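Structural description and commentary
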Amino acid sequence: MATVGFIGVGVMGMPMALNVIRGGYEVRAFDVSPAALDVMRCHGASTVDSAGQAAEGAAFVVTMLPTGEHVAEAVFGPEGVAASLDPDSLLIDMSTGLPARFDATARRLEDLGKTLMDAPVGRTSKEAENGTLLIMVGGEAADVGRARPLLECMGDTIIHCGPRGTGIRTKLVNNYLSIVSNIVVAEALSIAEGAGLDRDKAIEVLMGTTAGRGHLATTYPAKVLAGDLEPGFMVDLALKDLHLALQLGADSGSSRSMGTSALPFYESASDRGMGRLDWTAIYNLVRDMSA
Ligand code: NAD
């Protein structure tokens, strides 16, 4: 079975690498933490003293490091991957880093005749343990096809996002949504508590509506993405209800920064004559503002 060099066996990388071993690959691990390498050895990996050694003769090399700077260091630093990576092998960066940094690393490797593709992961360490990560891949179709059996050891959902660099960009878009919505969820629950509600009952309600089910799963595909702005729920009513919810939060002094930030968008849509359109017309407003 093919050898996989695995660089970075931390919270995510270790369970991912262990699933690669379970998938029948030989794993050759490198990490700056000797303790992490001790655990890897106990689970059947071989371990080496440098990133470059991990790449020697490996069909695939995976990096799962904190940032793009760590990846560049593992690739181009002393005893790095760049020198030993076989031109027929694939280097797969599964870390979350700055796209521009990833692009620069990929171009520099390309000049050496070597291939780097991006395959960052969604979900958490629990899914890393279960081999059920969502993996967003950027790269040539042939390379993605070659990597797929390996990626399927680590994830149950492999999405080819497009050319090189689209995986990491998709990952950041995903994180923007999940990280920002974490705050609005926290504020909504805090407003519920401030109003003296039973939190579990409130959650039961939220999970039965767009609030908990999510715009991407419900309103967007039905309305704005389908080109239909006939109001299911109109912008002006959303504006009225946002004012009401902000007042409820104010009554208990609850944090409501996300709602306060959302207000000008609904006001602007209403001012621009969009008040009687479906509330998902906010997407068009934001696109106009971005342009
Ligand atoms: P971590 O800090 O637990 O693991 C990183 C590992 O890299 C550590 O073991 C560290 O010793 C090692 N390391 C650092 N520099 C190195 C180098 N130059 N050479 C070799 N090894 C080196 O981090 P993590 O939680 O496993 O996250 C890894 C990446 O995955 C990050 O980019 C993170 O943003 C992303 N991610 C994390 C999660 C999560 O839930 N933890 C989810 C999705 C994506």
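Before any of the text, the structure's been laid out above.
Residues numbered from 1 in each chain as written. Predicted model: local features only at pLDDT ≥ 70, side-chain atom pairs only at ≥ 80, totals over all residues. Heavy atoms only, no water.

A closer look at a nonpolar patch on the surface
Threshold: Only residues whose relative accessible area exceeds 30% and that form no salt bridge are eligible for patches; like-charged ones are grouped when within 9 Å, while nonpolar side chains (Val, Leu, Ile, Met, Phe, Trp, Tyr) are grouped when within 5 Å. The protein chains shown are the only cover counted for residues, whose accessible areas, like all others here, come from Shrake-Rupley with a 1.4 Å probe. The rule for a salt bridge is simple: a side-chain nitrogen of Lys or Arg has to be within 4 Å of a carboxyl oxygen of Asp or Glu. In this text, helices come from DSSP runs of H or I with a minimum length of four residues, and strands from runs of E with a minimum of two, each type numbered from the N-terminal end.
Residues I203, L206 and M207 make up a contiguous nonpolar surface patch of about 240 Å² in total accessible area. By the secondary structure assignment, I203 is in helix α10 (residues 199-206).

Structural notes on the environment of G196
You can see G196 is positioned in the loop between α9 (166-194) and α10. On a C-alpha basis, the gap between G196 and I7 in space is 50 Å, while along the polypeptide they are 189 residues apart.

Digging into the site of the ligand
Convention followed: A molecule or strand has a residue near it when one of that residue's heavy atoms lies within 4 Å. In the analysis that follows, any N or O atom pair within 3.5 Å is treated as a polar contact, provided that within protein one partner can donate a hydrogen and the other can accept it, and provided that, for residues neighboring in sequence, both atoms belong to side chains. For this classification, the nonpolar set comprises Ala, Val, Leu, Ile, Met, Phe, Trp, Tyr, Cys and Pro, the charged set comprises Asp, Glu, Lys and Arg, and every other residue, Gly included, is treated as polar.
Around the ligand sit 22 residues, and of these V11, M12, D31, P66 and T96 come closest. One nitrogen or oxygen atom from the side chain of D31 is found 2.6 Å from an oxygen atom belonging to the ligand. Between an oxygen atom of the ligand and a main-chain N or O atom of L65, the distance comes to 3.0 Å. Protein contact buries 75% of the 830 Å² of open area that the ligand shows by itself. When its residues are assigned to classes, the shell around the ligand shows 10 nonpolar, nine polar and three charged.

Some remarks on empty space enclosed by the protein
Definition in use: In this analysis, the protein atoms alone were mapped onto a 1 Å grid. Cavities are point sets where a 1.4 Å probe fits without being able to get out; pockets are open sets with protein on both sides within 12 Å along at least five of seven lines; lining residues have an atom within 4 Å of a point. Grid points are joined across faces, edges and corners, and a volume is the space filled by probe spheres set on the points.
Throughout the structure, instances matching the rule amount to two cavities of 30 Å³ or more. Looking at the largest cavity, its volume works out to about 40 Å³. What lines the largest cavity is simply G68, V71, D93, G97, R101, F102 and T105. Sorting the residues of the lining of the largest cavity by element identifies α4 (68-76) and α6 (99-111) as the ones contributing at least two each. For the lining of the largest cavity, the element with the most residues is α6, which contributes three residues. In this structure, the second largest cavity occupies an estimated 30 Å³ of space. Lining the second largest cavity, in full, are D93, S95, G97, L98, F102, D118 and I168.

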